[in-house]
Structure formats: structure tokens, C-alpha cells
Amino acid sequence: MSSLTILLHPSPFLFTNPSNSKTTIFTLHNRPRILIPQASFSTSPNSPLWTISEIVKAVNGRIIRWGPPGTICTDTRTLEPGQWFLPLVGQNFDAHNFITPELATKGCVGVIGNWVCEDWNNGFVKVEDDTVSSLKSLGFYARNRFTGCLIGLTGSVGKTTTKTMIALALKSVGNVYYSPGNWNNEIGVALSLIGMPRDVGFGVLEMGMSKKGEILELSRMCRPNVRVILNVSAAHLENFANLEEVSMAKGEILREAMPGDVCVLNGDDPLVMSLPVSAGVKKVVFGRKLGCDIRLVSSEIKHGGRSIQVVLEAFNEMVKFVISCPGLHLAINACAAAAVATALGVPLALAGKSLSRFTPVHRRSELEVAENGITIINDVYNANPASTQAAIDLLRNMDCKGKRVAILGDMLELGPMEINFHELMLQSCCDAHFDVIALVGTRFIRAAESFDCAREIKVVCTTDARQMAPKIINFLNSGDVILVKGSCHIGMEVIVDALKSIHFGVPRGPAEDAFFSLVL
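The rules we used
Residues numbered from 1 in each chain as written. Predicted model: local features only at pLDDT ≥ 70, side-chain atom pairs only at ≥ 80, totals over all residues. Heavy atoms only, no water. Buried < 20%, exposed > 50% of the residue type's maximum accessible area, 1.4 Å probe, protein only. Helix = DSSP H or I, 4+ residues; strand = E, 2+ residues; numbered from the N terminus. Pairing = 2+ DSSP bridges. Right-handed = clockwise from strand over helix to strand, strands pointing away. Expected span 1.5 Å × (residues − 1). Contact = heavy atoms within 4.5 Å. Axes fitted to C-alpha atoms, helices over the stretch in contact; angles between N-to-C directions. Salt bridge = Lys/Arg side-chain N within 4 Å of Asp/Glu carboxyl O. Core = buried A, V, L, I, M, F, W, Y, C linked by side-chain atoms within 4.5 Å. Parallel < 35°, antiparallel > 145°, perpendicular 65-115°, else oblique. Nonpolar A, V, L, I, M, F, W, Y, C, P; charged D, E, K, R; others polar. pLDDT = per-residue confidence, 0-100. Polar contact = N/O pair within 3.5 Å; in protein donor to acceptor, adjacent residues only side chain to side chain.

Engineer: I tried to follow the pairing of strand β20 (residues 404–409) on my own but got confused; where do I start?
Structural biologist: Where a strand is regular, its side chains alternate between the two sheet faces. Of all six residues making up β20, five are buried, and the element is well covered by its neighbours. The pairing of β20 with strand β21 (residues 436–440) spans five bridges and is classified as parallel. Among the inter-strand pairings, V405 is bridged to a residue of β21, identified as V436. The β-α-β motif built from β20, the intervening helix α13 (residues 418–431) and the parallel element β21 has right-handed crossover chirality.

Engineer: Is there a simple way to explain helix α4 (residues 159–170) in this structure?
Structural biologist: An α-helical turn contains 3.6 residues, so a residue and the one three or four places further along point in the same direction. Taking 1.5 Å per residue, 12 residues should reach 16 Å; α4 reaches 16 Å between its end C-alpha atoms and fits that length. Of all the residues in α4, the buried ones are K159, T160, T161, T162, K163, T164, M165, I166, A167, L168, A169 and L170. Lining the buried residues of α4 we find β9 (149–154), β10 (176–178), β11 (202–206), β17 (317–323), α10 (329–343) and α11 (348–355).

Engineer: Looking at this structure, how should I read the sheet that holds β11?
Structural biologist: Strand pairing in a sheet is mediated by backbone hydrogen bonds. Such pairs are either parallel or antiparallel. Within the open sheet, the nine strands sit side by side as β10-β11-β9-β12-β13-β14-β15-β16-β17. Their pairing is mixed. The open sheet is flanked by β10 and β17, the only strands paired with a single partner. Each strand of the sheet is rotated relative to its neighbour by a mean of 20°, with strand direction disregarded. As judged from the seven bridges shared by strand β16 (residues 307–314) and β17, these two strands associate in the antiparallel manner. From the neighbouring strand, V310 faces β17, where its bridge partner is F321. Where α11 meets the sheet, its contacts fall on β16 and β17, and the angle it forms with β17 comes to roughly 5°.

Engineer: What am I meant to see in the environment of M468 here?
Structural biologist: Inspection of the secondary structure assignment puts M468 in helix α15 (residues 468–472). Distance in space between the C-alpha atoms of M468 and I407 is 8.9 Å, their sequence separation being 61 residues. Beyond its immediate sequence surroundings of up to four residues, M468 is in contact with I407, A438, L439, V440, V460, C461, T462 and I495.

Engineer: Mind showing me how you'd approach the pattern of salt bridges here?
Structural biologist: When charged atoms on two side chains of opposite charge get close, those side chains can pair. Within the structure shown, the criterion is met by 17 salt bridges. With a closest N to O distance of 3.3 Å, R145 and E54 form a salt bridge. Highlighted residues: R145 in helix α3 (residues 131–145) and E54 in helix α1 (residues 52–59), separated in sequence by 91 residues. Exposure remark for R145: the relative accessible area of 17% places this residue in the buried category.

Engineer: Got a minute to help me understand the nonpolar core in this structure?
Structural biologist: Across soluble globular proteins, nonpolar side chains have a tendency to be buried as a group. Counting 80 residues, the largest nonpolar core has W50, L193 and I437 as the members making the most contacts within it. With six residues, α13 is the single largest residue contributor to this core. Other than its neighbours up to four places away in sequence, I437 contacts A406, L426, C429, C430, C453, I457, K458, V459 and V460. I166, F202, I323 and A336 belong to the second-largest nonpolar core, a separate cluster that totals 49 residues.

Engineer: For this particular structure, what's the right way to read the sheet that holds strand β22 (residues 458–462)?
Structural biologist: The strand order across the open sheet built from six strands is β18-β19-β23-β20-β21-β22, with neighbouring strands paired in mixed fashion. Pairing within the sheet leaves two strands with one partner each, and these edge strands are β18 (366–369) and β22. Each strand of the sheet is rotated relative to its neighbour by a mean of 15°, with strand direction disregarded. Contacting β20 and β21, α13 crosses the sheet at an angle of about 165° to β21.

Engineer: Would you mind going over the packing of helix α5 (residues 186–194) against helix α6 (residues 214–222) with me for this structure?
Structural biologist: Two numbers describe a pair of packed helices, the interaxial angle and the distance between the axes. Direction vectors running N to C along α5 and α6 enclose 10°, while the axes themselves pass 10 Å from each other. Between α5 and α6, the crossing angle belongs to the class labelled roughly parallel. Only E217, L218, M221 and C222 of α6 make contact with α5, whose side of the interface consists of E186, V189, A190 and L193. Residue composition of the contact of α5 with α6, grouped by class: six nonpolar, no polar and two charged.

Engineer: Help me out: how do you make sense of the confidence of the model for the protein chain in this one?
Structural biologist: In low-pLDDT segments, the atomic positions of the prediction should not be examined closely. Taken residue by residue, the protein chain gives an average pLDDT of 88. The fraction at 70 or more is 88%. Confidence over residues 1–46 falls short of pLDDT 50; this stretch has 99 contacts with residues more than four positions distant or in other chains. pLDDT under 50 marks residues 514–520. Its contacts with residues more than four places away, or in other chains, come to 20 contacts.

Engineer: Hey, could you run me through α3 in this one?
Structural biologist: Across its 15 residues, α3 extends 21 Å between first and last C-alpha, which sits within 8% of the 21 Å expected from 1.5 Å per residue. Taken across its 15 residues, α3 has 11 buried, putting it largely inside the fold. Buried within α3 we find T131, V132, S134, L135, K136, L138, G139, Y141, A142, R143 and R145. Buried residues along α3 sit in contact with α1, β5 (71–73), β7 (110–113), β9, α5 and α6. Among the residues of α3, the N-terminal cap falls to D130, whose side-chain oxygen and the backbone nitrogen of V132 are separated by 3.2 Å.

Structure below.
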């Protein structure tokens with residue numbers, strides 16, 4: 001029987017340590033030989049140190065007082081010894097006011113700002129621009145000195161999860177940096193670039209937007225080698241007339257792609273596929289449809305809804321793997337991540353093996369079993385109709401010994417059709433025959449006023465998340481599965497904390513009463 005020999009050869013992207021490049025050979029049975037790119041990377045996991053000369057050059061500043069090399073921080077609460085502090089200024093705050101001698105005792109080695117207090121004796125680089133502009137200038141400078149491959153992705157839903165999956169799939173061939181949390185606006189992207197180690201082979205950044213022009217600005221800062229659009233759906237409609245306008249705004253990530261760049265597009269989304277791609281840019285399509293370069297052949301619920309089995313196909317190869325997380329929506333995210341990884345030379349089988357190790361991002365379909373026996377689907381980071389529908393489907397498909405309970409908070413920035421979208425979510429909950437539907441926020445309450453759920457479904461409403469737990473506690477018991485989902489500004493995390501503190505059958509003591517008074 002013949003064997004497949006996969007020879008890894010130097011990548012077309014430039015890396016910082018080519019002298020240590022290695023050749024790796026994979027052998028599989030009954031397959032021809034193919035070549036895929038490979039690069040070698042140093043193992044330093046640390047964020048880059050910035051010299052004062054680099055800082056001055058990046059921000060066009062002036063050295064008032066010298067300071068040692070260090071990393072850069074914009075939050076005094078998280079500042080660590082050896083960091084420079086860049087005080088951001090907004091409409092209602094000026095972080096320059098936190099520059100005090102006490103900040104030096106925390107280990108701050110210098111300030112990049114417009115002014116400092118009179119008794120500040122550590123390093124100081126004075127900038128004439130506003131400090132947000134200086135932060136972005138540092139981001140541009142960091143991108144210019146990065147010689148690895150940068151992947152930028154956007155989409156209405158799934159950005160943070162897919163970013164994490166892409167990083168996981170690429171770790172099989174080199175060191176990867178990806179932006180923390182959901183740092184996807186102009187400040188978050190700039191901070192991500194500033195904190196990116198110079199010697200990693202891959203950087204993975206997400207880009208978000210709420211209005212036209214924002215993705216273009218972020219793309220100009222990041223200049224991705226690989227540009228990914230996951231989907232277009234109802235989100236941030238407050239600033240757009242329709243989904244076509246949302247699609248055009250997301251498509252800004254493709255506008256200045258250069259010959260040799262790669263764009264990765266969702267073949268199942270007509271709005272994504274209608275976006276123009278520049279000549280010379282390689283186009284990779286993922287999705288369920290026949291003809292996609294990376295095809296999601298099937299996705300199946302396993303282990304009582306607590307994991308999913310995914311089958312992907314590409315290049316006449318097929319891989320099957322299990323992700324030990326709930327939610328069928330993860331399958332298309334994994335397909336997108338595999339599309340990026342294979343475009344950069346990772347064998348499909350190796351990408352699948354890596355993706356099988358995925359664990360949920362905090363507060364995104366995160367499964368938690370409390371000591372009281374309640375299973376909580378913690379999905380409180382944010383919400384729009386597509387992500388809320390995915391969460392409802394997740395709850396519906398999960399095995400449950402007790403009641404299925406959906407606690408939903410308002411979805412924000414949906415424009416004139418916002419009540420209609422909330423009604424659709426209510427209809428989905430009723431169609432799923434959940435035992436209890438709890439609604440937080442004025443939009444869901446308005447939607448519920450004209451909605452008639454089945455009599456056996458209990459509906460609980462509050463305008464504020466802090467009021468919900470005392471109202472719903474009598475409907476709950478050990479063995480229930482509870483979804484908590486809502487836009488981040490609704491503050492649904494307090495409900496998750498309160499649910500964990502419940503002790504069924506035991507009267508609350510003074511300590512628990514104090515907790516509920518603080519949390520709720």
C-alpha cells in the first residue's frame with residue numbers, strides 16, 4: 001500500500017527566525033505526496049518590550065525624561081511592574097489624573113501622554129496628539145515591525161470563538177498570538193497589535209464594527225495577510241438601513257487586500273459571497289454547500305447535547321472529530337477555522353485533531369454545573385438574533401432531568417425592527433416548549449405583551465437583571481438546565497452568580513441574604 005508523504009516547505013510569508021526552519025514529514029497510507037508551507041518560530045511567549053526610542057518614533061513624541069524598555073498598559077488597575085502607562089482620554093474621563101507618585105510604586109516605568117503631575121520622576125514621553133490617536137499610531141508601528149502572518153476576521157456572530165479556533169488549529173505548526181477577549185474595536189485592535197510578540201509566526205485578530213468605515217480603518221491598521229468574513233446577520237442595525245449595508249461594511253475588510261493575500265468567505269451566506277474580491281487575491285470558500293473548498297459535511301449532537309461531532313472535507317480528504325462543547329453552531333466556526341489553517345498549510349487531519357481540543361470562550365455557551373445541581377449555559381457576553389437563536393437551539397437539544405429554563409436579556413442596537421426580533425426569539429422559545437421563559441429588559445417585555453405562549457409555559461418578566469433571581473427562584477430546582485443570555489450592557493452575569501448561590505431546601509442565612517442584596 002502506498003503512503004502519503006507531506007513535506008513542509010518554507011512558507012510564502014516572512015518570519016523572524018528563518019535560520020532555524022525545519023522540515024517536517026507526515027506520512028499517511030494510500031495517498032500521494034503533497035507539499036505544504038512550514039516555518040520555524042522562537043518560543044518566547046512574552047509581549048514585546050518597547051524602547052523609549054521606538055515609542056518616540058511611533059507617536060512622534062518628545063522625550064522629557066528617559067525610561068527603560070517595557071510593555072505598554074492603558075489601565076492602572078492592571079498595570080504590572082516594568083510597564084509604560086498610556087492614559088486614554090474620553091468624553092467623561094481623563095486617565096492622566098491617575099498619574100501619581102503611587103503609580104510609580106506599582107512599578108510604572110514611564111508615561112506616554114500629554115502631561116504628568118509635577119512630582120512624577122520616572123520616564124515621560126510627551127505627545128501632542130490625543131492619546132487615543134497615539135495608541136493607534138503605536139498599533140500601526142507594531143504591525144509594521146511584525147514579519148509573521150496576520151489573520152484578521154470579522155462577522156456578525158462567532159468572531160471570538162472562531163478566532164480562538166483558528167489559533168488552536170495553527171498552533172500545530174508554530175507559535176500563535178491571538179487578541180485577548182473581544183478586543184475588536186479601534187482601541188482593542190491597537191492594544192492587540194502593541195502586545196503582539198515580534199517572534200510569533202501567526203497573529204489572529206478580530207475586528208468589530210457598529211457603523212460604516214470602522215472595519216476599513218481597522219483593516220488599514222492590521223493589514224491582514226488572511227482576511228475572513230464569517231457571516232452577515234442582524235446586528236448593529238441601529239446604524240444601517242438593511243443587511244445589504246451591513247454586508248458592505250463587513251466587506252471593507254476585503255477592500256485593500258493585496259495580490260498574494262488570502263480571503264476566506266462563508267459560501268452559505270449570499271451576502272458574503274456577493275462581496276467583490278480583488279484580482280490576485282486567493283479566495284477560499286467554506287460552508288455546507290457542495291463546491292466549497294472546505295465543506296462541512298455533517299454536524300451531529302453527541303453526549304446528550306454536551307458535545308458535537310463534526311465531519312469536514314477538503315482536497316479529497318475527510319476528517320471526523322468531536323468538540324466537547326455544546327452547540328451545533330460551533331461546527332461552522334470550526335469549518336471556518338479549518339479553512340484558514342489549511343490555506344496556511346496545515347493538513348486537514350491535523351487541523352481536526354487540534355479543533356477537537358477546543359473549549360468554550362468565557363461567557364460564550366460556557367457550560368457550568370453549580371453545586372446545587374443546576375446546569376447553567378452561561379452565554380451572557382452579548383446577544384443578537386442569530387446568536388440568541390443558536391443558544392435557544394442549544395438548550396432545546398440538551399438532555400435535561402428537570403426543567404429547561406431560558407433567561408433572556410434584551411438584544412441591543414437592532415433599530416426600528418427591534419421588537420419584531422424579540423418576538424421571534426419568544427416564538428422560538430415557545431416552539432421549543434421550554435418550561436420557564438424569563439425576560440429581562442423593556443424590549444422583551446414589550447414583545448411579550450402581545451405574545452400568547454402556551455398556558456403550561458411560565459413567563460417571568462423584569463426590567464432589570466438584578467430583579468430576576470428573587471422572582472424566578474421558586475420555579476427552579478436541582479437538575480434544571482438554565483440558559484442565561486443577553487447583550488452585555490444588560491448585565492446578565494449577576495443572574496448567573498445568583499443562580500450558583502441558590503441552596504434548594506435550605507433557608508437562606510444572613511450571609512446569603514447579604515449576597516443577594518449585593519448582587520441583586
